There are 2 protein chains.
Amino acid sequence: MSWSVCVVGSLALDSIETSTGRAEEVLGGSGAYFAVAASFLAPVRMVAVAGSDFPPEERDFLASCGIDLEGLVELEGPTFRWTGRYHEDMNVRDTLDLQLNVFAEFSPELPPAYRNSELVFLANIQPGLQASVLSQLESCRYTGADTMDHWIESDRESLESLLAGVHMLSINDSEARMLAGENNIVTAAERIRSMGPSTLIIKRGEYGALLFSEDGTFAVPAFPLEEVVDPTGAGDCFAGGVFGSLAASESLDPTALRRAMLYGSVLASFAVEDFGLGRLRTLTREDIDERYSAFLDLTRF
Amino acid sequence: MSWSVCVVGSLALDSIETSTGRAEEVLGGSGAYFAVAASFLAPVRMVAVAGSDFPPEERDFLASCGIDLEGLVELEGPTFRWTGRYHEDMNVRDTLDLQLNVFAEFSPELPPAYRNSELVFLANIQPGLQASVLSQLESCRYTGADTMDHWIESDRESLESLLAGVHMLSINDSEARMLAGENNIVTAAERIRSMGPSTLIIKRGEYGALLFSEDGTFAVPAFPLEEVVDPTGAGDCFAGGVFGSLAASESLDPTALRRAMLYGSVLASFAVEDFGLGRLRTLTREDIDERYSAFLDLTRF
């Protein structure tokens, strides 16, 4: 047995260009990346919206990962689409086109069977929608959320209200600085934790991630890779790895949290090896265990 | 007993401006930072040049660290001076003024007593001068070097010749990419190691450092600090911590190298807490041991 993870997030068809190539209309979205990554470690339930053009084979793929799709609503109209291009420095990207489509009508509703999920993650969507999920929970041990610069700038009030109600926030470093209004990352982390989430994960791309919690600070590197093909979704896969590992551990104690950070980094390291969810489609549990071992060796002293 | 560390590098009077304040004509230079940091862990011998205006109290300070100054030559004329200003993002700095002064006449000569030092570090100076030291060594277990973008651009031939003759290179990440002509850090590391140094340390400022060696890859984070006052010399102090730790361990085995990376990160973390060598002037061995413990806790799983 394992705890179950419920994720609410976006489902998208992404068109992506990086210095290594391009991909057209591949499965993406914060909810999809998180759910697929977490599904390697624990049972996952997904709340999202697809358009009527959402490819049936992608729905089948999600189902083949063992993801419970009762919460996947299909609405008439096209699926959410995002088009982006990465700079030579893959830490920087430009959004070339964004079509909300059916996502504009998304109002996440948890099927009754999801309301007692032990772990709930609110992947990056509008903070008001994320908050609406919290009020639907009946019993839940631990809630986490992600967000992005856009919401920090345009919807700070809703975001702060959301933060007051979650146990964990997962965010990247530039967004942490923006949210806290503070350049030093340690001070920024303290300010953000004072807004609500007792646990804070700050993702730093190829430099790894930091965990700030009541247990102190923990640092994990990113796995050094010879080639990064596409960083899209790496942060969502990191969070998926964290929540999947916590669910598999059935624990939220300090050791479980540290172990979860390692699994987060492992899943993120696979995510960037191909466009979209490409690498995760062929990934096996053995691949994960092997990289987890390599990861221990990378950091062991 | 402990192995001894010989360092050849620059001695300077630095004027530094950061977002937190400024300092005028404080003791600096790659050799001084390295020597002071290493002196907490092992006996250090220093080869450098000072001008006739070099403050006697700074010479006394170096001597008070237990640094052997037989190799510190004093020439008629002013000491090397550097003036720089850091951006709000302290990873970026501008050199406002550079006066080589007596450093222009520097031709490093090892006193006979230094020629059998077990460990020798060639801190960042002109690669030809660094190479001239190698030919003076009589018996030496391990040599390391640092360099900078300026030499990669203007004196690549001398630098490549130097690299063919050292065991270790310590370099920052943007310089590693420049030296290798390769953006991916893992591939860049492979190329640099194929140029000579079997061990490569890539420093990434607030993101820590990577060690590439025959033993594989090892990652250490930087210690998360609430305030960074002045990053000048942090990389030299990192290398000083590494070599000091190796000397104290009297070992170059994989465990000794990994331990040395932790001491490098510890010494660098103190270096940035005040302008110039300010923090290291009051630092105690107890402070180092305490942060080393905190560092283990930051990375332990």
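The rules behind the values
Residues numbered from 1 in each chain as written. Chains lettered and ligands numbered in written order. Predicted model: local features only at pLDDT ≥ 70, side-chain atom pairs only at ≥ 80, totals over all residues. Helix = DSSP H or I, 4+ residues; strand = E, 2+ residues; numbered from the N terminus. Buried ≥ 20, exposed ≤ 12 C-beta atoms within 10 Å, placed from the backbone. Contact = placed C-beta atoms within 7 Å. Nonpolar A, V, L, I, M, F, W, Y, C, P; charged D, E, K, R; others polar. Pairing = 2+ DSSP bridges. Axes fitted to C-alpha atoms, helices over the stretch in contact; angles between N-to-C directions. Parallel < 35°, antiparallel > 145°, perpendicular 65-115°, else oblique. Left-handed = near helix turned anticlockwise from the far one by under 90°. Least-squares fit on C-alpha atoms with pLDDT ≥ 70 in both. Right-handed = clockwise from strand over helix to strand, strands pointing away. Arc of directions from axis to C-beta. pLDDT = per-residue confidence, 0-100. Expected span 1.5 Å × (residues − 1).

Another point: the overall build of chain A. Helix and strand content of chain A: 11 helices and 13 strands. For chain A, the C-alpha atoms occupy an extent of roughly 50 × 45 × 40 Å along the three principal directions. In chain A, buried positions account for 51% of the 301 residues. Residue pairs in contact within chain A that sit at least 24 positions apart in sequence constitute 66% of those at least 6 positions apart.

Now for unusual backbone geometry. The backbone of E250 of chain A shows a phi angle near 50°, a positive value even though the residue is not glycine. Along the polypeptide, E250 of chain A turns up in the loop between α8 (234-249) and α9 (254-271). Here E25 of chain B, not a glycine, exhibits a phi torsion of approximately 50°, which is positive. The residue E25 of chain B is located in strand β3 (residues 21-28) in this model.

Next up on the list: the interface of chain A and chain B. Across the boundary between the two partners, chain A contributes 25 residues, which contact 25 residues of chain B. Every element with two or more residues in the side of chain A that touches chain B is listed here: α7 (185-194), β13 (216-220), α9 and α11 (285-299) of chain A. In terms of residue count, β13 of chain A provides more of the side of chain A that touches chain B than any other element does, 4 residues in total. Grouping the constituent residues of the side of chain A that touches chain B by class yields 12 nonpolar, 6 polar and 7 charged.

Right, let's get into the pairing of strand β6 (residues 81-86) of chain B. Residues and elements named next belong to chain B. Where strand β2 (residues 12-18) lies against β6, 5 bridges are found, and the strand directions are parallel. When the bridges of β6 are listed, D14 appears paired with W82. Bridge count for β6 against strand β7 (residues 93-99) is 6 bridges, and the pairing is antiparallel. Pairing of T83 across the sheet is with D97, part of β7.

On to the packing of helix α1 (residues 30-39) of chain A against α8 of chain A. All names here are of chain A. The contact between α1 and α8 brings their axes to 7 Å, and the two run at 40°. Regarding the angle of α1 to α8, the classification is oblique. The two elements α1 and α8 meet at a crossing, and its hand is right-handed. For the pair α1 and α8, contact is made by S30, Y33, F34, A35, A37 and A38 and by D236, C237, A239, G240, G241, F243 and G244, respectively. Along the lines of polarity and charge, the residues of the contact of α1 with α8 split into 8 nonpolar, 4 polar and 1 charged.

Once turned by 180° and shifted 0.0 Å along the axis, chain A lies on chain B with an RMSD of 0.0 Å. Expressed as a symmetry operation, the mapping of one chain copy onto the other fits a two-fold axis. Closest to the rotation axis within chain A is the C-alpha of Y207 of chain A, separated from it by 3.0 Å. Here 100% of the contact residues of chain A are again contact residues in chain B; the copies associate through an equivalent surface.

With that out of the way, let us pick up the pairing of strand β8 (residues 119-122) of chain A. Residue and element names in this part refer to chain A. Because side chains alternate across β8, one face comprises the buried residues L119 and F121, and the other comprises V120 and L122, equally buried. Pairing geometry for strand β1 (residues 5-8) and β8, over 4 bridges, is parallel. What sits directly across from V8, in β8, is L122. As paired strands, β8 and strand β9 (residues 142-146) are joined by 4 bridges and run parallel to one another. The residue of β9 that forms the bridge with L119 is Y142. Running through helix α3 (residues 127-134), the crossover from β8 to the neighbouring parallel element β9 is right-handed.

Right, let's get into α3 of chain A. All names here are of chain A. Those residues of α3 not exposed but buried are P127, Q130 and V133. The buried side chains of α3 occupy one side of the element, clustering within an arc of 115° when seen end-on. Where the residues of α3 are buried, they touch β1, β8, β9, α4 (149-154) and α5 (156-163).

A word on the sheet that holds strand β9 (residues 142-146) of chain B. All names here are of chain B. Spatially, β5-β4-β1-β8-β9-β10-β11-β12-β13 is the arrangement adopted by the 9 strands of the open sheet, whose pairing is mixed. A single partner strand is all that each edge strand has here, and the edge strands are β5 (68-75) and β13 (216-220). Here the strands of the sheet are splayed against their neighbours by 15° on average, with no regard to which way each runs. As paired strands, strand β4 (residues 44-51) and β5 are joined by 6 bridges and run parallel to one another. Within the sheet, the bridge partner assigned to A48 lies in β5 and is L72.

Attention now goes to the environment of L257 of chain B. Residue and element names in this part refer to chain B. Here L257 lies in helix α9 (residues 254-271). C-alpha of L257 to C-alpha of L246: the two residues are 11 residues apart in sequence and 6.8 Å apart in space. Apart from residues lying up to four places away in sequence, L257 is in contact with T199, L211, S213, D215 and L252.

Considering the arrangement of structural elements, one finds I16 of chain B in strand β2. Remark: the alpha-carbon pair of I16 of chain B and D230 of chain B, spanning 214 residues in sequence, is separated by 8.0 Å.

Attention now goes to the confidence of the model for chain A. Chain-level pLDDT for chain A is 96 on average; 100% of the residues reach the 70-or-more range. Prediction confidence for the complex, expressed as pTM and ipTM, is 0.94 and 0.90 respectively.

What follows is about the sheet that holds strand β7 (residues 93-99) of chain A. Two pairing modes exist for strands in a sheet, parallel and antiparallel, and in both the strands are linked by backbone hydrogen bonds. Residue and element names in this part refer to chain A. With respect to topology, 4 strands assemble into an open sheet ordered β3-β2-β6-β7, the strand pairing being mixed. Strands with a single pairing partner mark the edges of an open sheet, and in this sheet they are β3 (21-28) and β7. Taken pair by pair, the neighbouring strands of this sheet meet at an average axis angle of 15°, ignoring direction.

Our focus in this paragraph is helix α8 (residues 234-249) of chain B. Between the first and last C-alpha of α8 of chain B there are 22 Å, a value that for 16 residues agrees with the 22 Å anticipated at 1.5 Å per step. Looking one or two residues past α8 of chain B, E250 of chain B carries a phi angle of roughly 50°, positive in sign.

What follows concerns the environment of G66 of chain B. Residues and elements named next belong to chain B. Within the element layout of this structure, G66 appears in the loop between α2 (56-64) and β5. Residues G66 and L169 lie 103 residues apart in sequence; the distance between their C-alpha atoms is 26 Å. If sequence neighbours within four positions are ignored, G66 has contacts with S39 and P43.

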